[in-house]
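Spelled out, the chains give:
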Amino acid sequence: MAGSSSSGADVGHPAPGLKNQPSVVSLIWSCDHFAARYKAMMLIPHPHQEKIDELCTLVYRAVDEFGNCNKGPPKWIVFFHDGLSEGEYAGVGKEEIEDIKGVIDDIWRDEKLNMGKPELTFIVVGKR
């Protein structure tokens, strides 16, 4: 879909029993309108936590870089969060949707954009 950005986030945790090993958050996002070229970021979050506290920072950078690469922001953002359990959908999922919408508001304010904001599709990839 032309003008859309696909993004995906996951939190990887150390195997059970491993001590002093960090979790890792990764975010990938398409940097072209065809979702054929991707960039990635990773960071070390609070251990054993599925909610991504730094999501705002990661998504801001992804949406901003998409806009820089394409001479304009995305019209649609498709965001995948991998690994949420059913019990986390309502809490974590809702918070992250609000965080992403807040980032979009921040970018539009910071860049003084007067065009419509992108639609957001938030997809949870559930645990097996």
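Since the model is a prediction, treat every value here as computed from it, not as a measurement.

1. Section: the overall build of the chain
- Within the chain one finds two helices and five strands.
- Beginning at the N terminus, the succession of helices and strands in the chain can be written as β-β-β-α-β-α-β.
- Since a compact globule built from 128 residues should have a radius of gyration of about 14 Å, the 15 Å found for the chain is in line with a globular shape.
- In the chain, once contacts between residues fewer than 6 apart in sequence are set aside, the share between residues at least 24 apart is 61%.
- For the chain, the accessible area works out to roughly 7500 Å², and carbon and sulfur atoms hold 55% of it.

2. With respect to the pairing of strand 1 (residues 4–12)
- Summarising burial for strand 1: seven of the nine residues are buried, a large majority.
- Bridge count for strand 1 against strand 2 (residues 24–30) is six bridges, and the pairing is antiparallel. In the strand pairing of strand 2, Val11 is matched with Val25.

3. A few points about the sheet that holds strand 5 (residues 119–126)
- The strand order across the open sheet formed by five strands is 3-2-1-4-5, and the pairing between neighbours is mixed. Both outer strands of the open sheet, strand 3 (38–43) and strand 5, are each paired with one neighbouring strand and no more. Geometrically, the sheet is characterised by an average inter-axis angle of 15° between neighbouring strands, direction not taken into account.
- Contacting strand 1, strand 2, strand 3 and strand 4 (76–84), helix 1 (residues 55–70) crosses the sheet at an angle of about 20° to strand 2.
- Along the sheet, helix 2 (residues 89–110) contacts strand 4 and strand 5; its crossing angle with strand 5, the most-contacted strand, is approximately 150°.

4. Quick look at the environment of Leu120
- Within the fold, Leu120 resides in strand 5.
- With 116 residues separating them in the primary sequence, Leu120 and Ser4 have C-alpha atoms 9.7 Å apart.
- Residues within four places of Leu120 in sequence aside, it is in contact with Ile77, Phe79, Ile97, Ile100 and Lys101.

5. Some thoughts on the pairing of strand 4
- Two elements, strand 1 and strand 4, share seven bridges in a ladder whose sense is parallel. What sits directly across from Gly8, in strand 4, is Phe80.
- Bridge analysis of strand 4 against strand 5 gives eight bridges, and the strand direction is parallel. Across the sheet, the residue bridging to Asp82 is Val125, located in strand 5.
- Note on the crossover from strand 4 through helix 2 to strand 5: the handedness is right-handed.

What counts and how
Residues numbered from 1 in each chain as written. Predicted model: local features only at pLDDT ≥ 70, side-chain atom pairs only at ≥ 80, totals over all residues. Heavy atoms only, no water. Helix = DSSP H or I, 4+ residues; strand = E, 2+ residues; numbered from the N terminus. Rg over C-alpha atoms; globule rule 2.2 N^0.38 Å. Contact = heavy atoms within 4.5 Å. Areas by Shrake-Rupley, 256 points an atom, 1.4 Å probe, with all protein chains shown as cover. Buried < 20%, exposed > 50% of the residue type's maximum accessible area, 1.4 Å probe, protein only. Pairing = 2+ DSSP bridges. Axes fitted to C-alpha atoms, helices over the stretch in contact; angles between N-to-C directions. Right-handed = clockwise from strand over helix to strand, strands pointing away.

Purely geometric numbers; function is a separate question.
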